[in-house]
Amino acid sequence: MTHLVHTPESLTDAIGHGPVSLVPTMGALHDGHLALVRQAKTLGNPVVVSIFVNPLQFAPGEDLDAYPRTLAEDVAKLEAEGVEAVFAPSAETMYPHGPRTTIQPGPLGEVLEGATRPTHFAGVLTVVAKLFALTGASDAFFGEKDYQQLALIRQMVDDLHLPVRVHGCPIVRDADGLALSSRNRYLSAAEREVALTIPRAIATGSVDAARSLLDATPDLHLDYLVATTPDLAELPAGFTGEARLLIAAKVGSTRLLDNAPIQIG
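Keep in mind the model is a prediction, meaning the values are calculated, not measured. (Residues numbered from 1 in each chain as written. Predicted model: local features only at pLDDT ≥ 70, side-chain atom pairs only at ≥ 80, totals over all residues. Heavy atoms only, no water.)

**Q** How do you make sense of the packing of helix 6 (residues 120–135) against helix 7 (residues 147–159) when you look at a structure like this?
**A** Helix-helix packing is described using two parameters, namely the angle between the two axes and the distance between the axes. The geometry of helix 6 relative to helix 7 is characterised by a closest axis approach of 10 Å and an angle of 55 degrees between their N-to-C directions. In terms of orientation, helix 6 lies oblique with respect to helix 7. Here helix 6 and helix 7 pass one another in a crossing that is right-handed. Between helix 6, through F121, V124, L125, V128, A129 and F132, and helix 7, the contact on the second element is made entirely by Q148, Q149, L152, I153, M156 and V157. Across the contact of helix 6 with helix 7, the residue classes break down as ten nonpolar, two polar and no charged. (Axes fitted to C-alpha atoms, helices over the stretch in contact; angles between N-to-C directions. Helix = DSSP H or I, 4+ residues; strand = E, 2+ residues; numbered from the N terminus. Parallel < 35°, antiparallel > 145°, perpendicular 65-115°, else oblique. Left-handed = near helix turned anticlockwise from the far one by under 90°. Contact = heavy atoms within 4.5 Å. Nonpolar A, V, L, I, M, F, W, Y, C, P; charged D, E, K, R; others polar.)

**Q** Explanation requested: helix 2 (residues 31–41) in the structure shown.
**A** Owing to its 3.6 residues per turn, the α-helix aligns residues three or four sequence positions apart on the same side. Buried within helix 2 we find G32, H33, L34, L36, V37 and A40. Those residues of helix 2 that are buried are in contact with strand 2 (21–25), strand 3 (47–51), helix 3 (71–80), strand 5 (139–143) and strand 6 (165–169). (Buried < 20%, exposed > 50% of the residue type's maximum accessible area, 1.4 Å probe, protein only.)

**Q** Even after reading the chapter, I still don't get the UniProt feature "active site" (unreviewed entry) in the chain, so can you show me in this structure?
**A** What UniProt calls "active site" (unreviewed entry) maps, in this numbering, to H33. Structurally, the position occupied by H33 is in helix 2. For H33, a relative accessible area of 13% gives the class buried. (UniProt positions renumbered as here; feature names shortened; annotations may be inferred.)

Set out below in structure tokens:
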């Protein structure tokens, strides 16, 4: 039985004390989230999935109000996966005094996604740190699709000496190659066809080849296309080895992210 709880006290009553594997989400669950759940279950700890649409990570004019909220469907999916508890707190539970204390991401939070969404990662890190504390998580699982987010959460855990092991899990894709995302539901059929250029560009494994493909695609508006080191540092001259290719682009009103490891040299 999966317990649906809304307060930290109810969560403790449901799962007791001890190691906890946490999968933080904003709901509207898809197979990518469920892959994180299955990975979390391999540790043998009680698995807690949090569902909270975090207002701190949305800037004015972004899609906070429109973000899909499907709690009943989400709980049914998680019950089928044998999840011990779903933690679905209110904004009042998460921020009883408002966003009074926040965690700043530093220079890594100012590039790529941070350049477009300058307040986003402070909101992400703040809510993740609070979820770690409220659930007593010993382990936490995040997808690599939001690769910069994963890197910043690892940085936060390291810098603040948080007692949580962070597990990054590979991107899950639909059969057509598009990286799974709750925002994919915003794409029309025609927009989805345009969006498929993004995984095709990633699959080239080359910035130049990817850029040629993306530039040749009408109705796709590229935000950035970069290759970095695996920890998102700028590639030094003459670099060889494993790097990361990252893309952000808009199709219609939907902003899509994708990335993959690549070999240089």
